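Residue-level listing of the chains:
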Number of protein chains: 2
Amino acid sequence: MLSVTILGNNSAVPAFNRHPTSQVVTQDGTNYLVDCGEGTQIQMIRYKVRRGKISHIFISHLHGDHYYGLIGLINTFGLLSHQQDLHIYGPAPLQQIIEIQLKVTEAYLPFHLHFHTLTDNATLVDNEKIRINCFKTTHRIECYGFSFEEKIMKRKLLIEKVRKAGIPVSFYTSLQSGLDYLTPKGGIIKNDEVTMASENGKKYAFCADTKYDESIIEHIYEADMVYHETTYLDNLRDKAEERFHSTTRQAATIAKKAKIKQLLIGHFSSKYNTLEQFLIEARDVFPDTELATEGKTYEIH
Amino acid sequence: MLSVTILGNNSAVPAFNRHPTSQVVTQDGTNYLVDCGEGTQIQMIRYKVRRGKISHIFISHLHGDHYYGLIGLINTFGLLSHQQDLHIYGPAPLQQIIEIQLKVTEAYLPFHLHFHTLTDNATLVDNEKIRINCFKTTHRIECYGFSFEEKIMKRKLLIEKVRKAGIPVSFYTSLQSGLDYLTPKGGIIKNDEVTMASENGKKYAFCADTKYDESIIEHIYEADMVYHETTYLDNLRDKAEERFHSTTRQAATIAKKAKIKQLLIGHFSSKYNTLEQFLIEARDVFPDTELATEGKTYEIH
């Protein structure tokens, strides 16, 4: 029940019909927006992402291709009478940038806007369904990745067997938590006779913009899917280093060392018209690699 | 040699594949950008407007649908090594909004950025080819329209006749200005024997966002083409009044009273899926009306 939908997969300058970074992580019907480059709200319309369902937005860093669409989205939420509180997580200066623009508009927002300043290795959201953490990456300016960890799912009731055994509804929650049922007559109904295991919770991580740095491995270790940037092909390793970005082989090496299950690559430089070579180079190191393609949803199994 | 290309014709919320306000006024090969809603740089790519040719940007007011794309465009100019100075004309707070965002990016811009604060009834550009003025409109916040007046063109040389008459090249500029030529032997070659009149300079005006207000008429009087907003159809006249916008009949009435030649209408509310009714209502009052259609260039004759 965890998935990610790509809204923008390009680096700084839009090109070849590719857009700046944005993606939507969906868990059990809740949408979390990660980065919000210019035009994100238009991409949401194009790919039928329900804007009204968003109440948490995570901004990795303040290079424009990761946040210039945020003010427009907030403004649109206001015009569309969005009611839910909106929580925005980003580097400290983001609050002032947004607030100064809201002030000149003289607009009334019909919802509360909460700014949360990112710090290294912090837990941003922690509820019964999901834990969302952030971790620093190594970029030219302050930058964070985000990890999304589903909580271990409750056991699934085999409802006909539960009913046949005469277990009262008031005990269902205990059954889902794995308890056996003691009958009024002193018998035991073993939990695994009337329930089955759900899938374990899945883990997705977004590694933002970063140069090759193994220090992120501990944050994405054994994740089910990881997005890692590959701004350049491997022959531009020096340029990547200089600009605090990564290449195909570098992203794939991180994936391999972190023992993740699937790698998603994106943030392609606008110098590249086509992307096949990205896939070839990354798969050579880490076979379970996919291109982050705009409009596509990746289910995390 | 004056034309306008529409990049965005919708009001605040993008919808039905219509985008927020932006247009390019082109005069004799120079592009002037008027307003810059979110996604303008992407629209420029789509409609093959040469970004590199822009060195003047005019922002009517600080509602987001008229300027949220500006910071992204400036950033892209930087990344693409734009060399020309860039002049930005807008309400005073725009400078701080842009500068704070450039500062957090820690980006180096390879060109100079000049901010010019708009005041009522000012001349913004005045050179041998064009005069660009601004004038206040009546909107919820400080807002300006812009007029583009070509200077009267020089006379056109009939080059074969000029050569046959033996007029030296050094006198060509005087011929273009309308002077007769005195031959060394004391004869006169009348100017209209060797030149012909060019078309007069044309005038285009962009009336930004505004409620119905006849005070703009003096600024657009007898213009060859005027863009006037029509956010609503005429049955929503009360809503237009309340929100400081105009309807079809109101825009057309201004056009008629100002004795302009052609009216272009735009800034359509996102409540309207189709636009035919806008044209019907406006033409009922002022027949020479066209819809501002994205991607279309309107030559001003």
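Calculation notes
- Residues numbered from 1 in each chain as written.
- Chains lettered and ligands numbered in written order.
- Predicted model: local features only at pLDDT ≥ 70, side-chain atom pairs only at ≥ 80, totals over all residues.
- Contact = placed C-beta atoms within 7 Å.
- Helix = DSSP H or I, 4+ residues; strand = E, 2+ residues; numbered from the N terminus.
- Nonpolar A, V, L, I, M, F, W, Y, C, P; charged D, E, K, R; others polar.
- Least-squares fit on C-alpha atoms with pLDDT ≥ 70 in both.
- Pairing = 2+ DSSP bridges.
- Axes fitted to C-alpha atoms, helices over the stretch in contact; angles between N-to-C directions.
- Parallel < 35°, antiparallel > 145°, perpendicular 65-115°, else oblique.
- Left-handed = near helix turned anticlockwise from the far one by under 90°.
- Domains from an automatic or database assignment.
- Core = buried A, V, L, I, M, F, W, Y, C linked by C-beta atoms within 7 Å.
- Buried ≥ 20, exposed ≤ 12 C-beta atoms within 10 Å, placed from the backbone.
- pLDDT = per-residue confidence, 0-100.

## Digging into the interface of chain B and chain A
Here is step 1: With 29 residues of chain B at the contact, the number on the chain A side is 29 residues.
Here is step 2: Listed by contribution, the elements that provide at least two residues to the side of chain B that touches chain A are α1 (40-46), α2 (70-79) and α3 (94-105) of chain B.
Here is step 3: It is α3(B) that provides the largest number of residues to the side of chain B that touches chain A, a total of six residues.
Here is step 4: Looking at the side of chain B that touches chain A, its residues break down into 15 nonpolar, 11 polar and three charged.

## A closer look at the relation of the copies chain B and chain A
Here is step 1: Between chain B and chain A, which share one sequence, the superposing operator has a rotation angle of 180° and an axial displacement of 0.0 Å; the RMSD is 0.1 Å. Expressed as an axis order, the relation between the two copies is that of a two-fold axis. In terms of proximity to the rotation axis, the leading residue of chain B is G39(B), whose C-alpha is 2.7 Å off the axis.

## Quick word on the environment of I220(A)
All names here are of chain A.
Here is step 1: Tracing the backbone through its elements, the reader meets I220 in helix α7 (residues 217-220).
Here is step 2: Residues I220 and N17 lie 203 residues apart in sequence; the distance between their C-alpha atoms is 30 Å.
Here is step 3: Once you skip the residues sitting within four places of it in the chain, I220 turns out to touch S147, A205, C207, V226, A258 and I260.

## Points about the sheet that holds strand β6 (residues 113-117) of chain A
Residue and element names in this part refer to chain A.
Here is step 1: One open sheet holds the seven strands; their spatial order is β6-β5-β4-β3-β2-β1-β18, and the pairing between them is mixed. The sheet terminates laterally at β6 and β18 (297-300), the two strands that pair on one side only. Pairwise comparison of adjacent strand axes, ignoring direction, gives a mean angle of 20° for this sheet.
Here is step 2: Across four bridges, strand β1 (residues 2-8) lies against β18 in antiparallel orientation.

## Side note on the packing of helix α3 (residues 93-105) of chain A against α3(B)
Packed helices, taken two at a time, are described by the angle between their axes plus the distance between the axes.
Here is step 1: Here α3(A) crosses α3(B) at 165°, and the two axes come no closer than 10 Å. The angle between α3(A) and α3(B) places the two elements in the roughly antiparallel class. In the crossing of α3(A) with α3(B), the sense of the turn from one axis to the other is left-handed. The residues of α3(B) that touch α3(A), namely those facing P93(A), Q96(A), I97(A), I100(A) and Q101(A), are Q96(B), I97(B), I100(B), Q101(B) and V104(B).
Here is step 2: In terms of residue class, the contact of α3(A) with α3(B) is made up of six nonpolar, four polar and no charged.

## Here we look at the domain arrangement of chain A
Here is step 1: Taken domain by domain, chain A consists of domain 1 (2-153 + 199-300) and domain 2 (156-196).
Here is step 2: Computed from C-alpha coordinates alone, the two centres of domain 1 of chain A and domain 2 of chain A are separated by 42 Å.

## Some details on the nonpolar core
Here is step 1: Residues V226(A), L263(A), V226(B) and L263(B) are the most contacted members of the largest nonpolar core, which totals 135 residues.
Here is step 2: Setting aside residues up to four positions removed in sequence, V226(B) forms contacts with A205(B), C207(B), I220(B), A255(B), A258(B), I260(B), L263(B) and L264(B).

## As for the confidence of the model for chain A
Here is step 1: Taken residue by residue, chain A gives an average pLDDT of 94. The fraction at 70 or more is 100%.
Here is step 2: For this predicted complex, the interface score ipTM comes out at 0.84, while the overall pTM is 0.87.

## Thoughts on helix α9 (residues 248-257) of chain B
Residues and elements named next belong to chain B.
Here is step 1: Residues of α9 that are buried: T248, Q250, A251, A252, I254 and A255.
Here is step 2: Next to the buried residues of α9 lie α7 (217-220), β15 (225-229), β16 (262-266), α10 (276-285) and β17 (289-291).
Here is step 3: Backbone geometry just downstream of α9 places K259 in the positive-phi region, at approximately 50°.

## What about the environment of P14(B)?
Here is step 1: In this fold, P14(B) is placed in the loop between β1 (2-8) and β2 (22-27).
Here is step 2: With 23 C-beta atoms packed within 10 Å, P14(B) lands in the buried category.
Here is step 3: In this structure the C-alpha to C-alpha distance between P14(B) and H219(B), which are 205 residues apart in sequence, comes to 30 Å.
Here is step 4: If sequence neighbours within four positions are ignored, P14(B) has contacts with Q41(A), I42(A), I45(A), H19(B) and P20(B).

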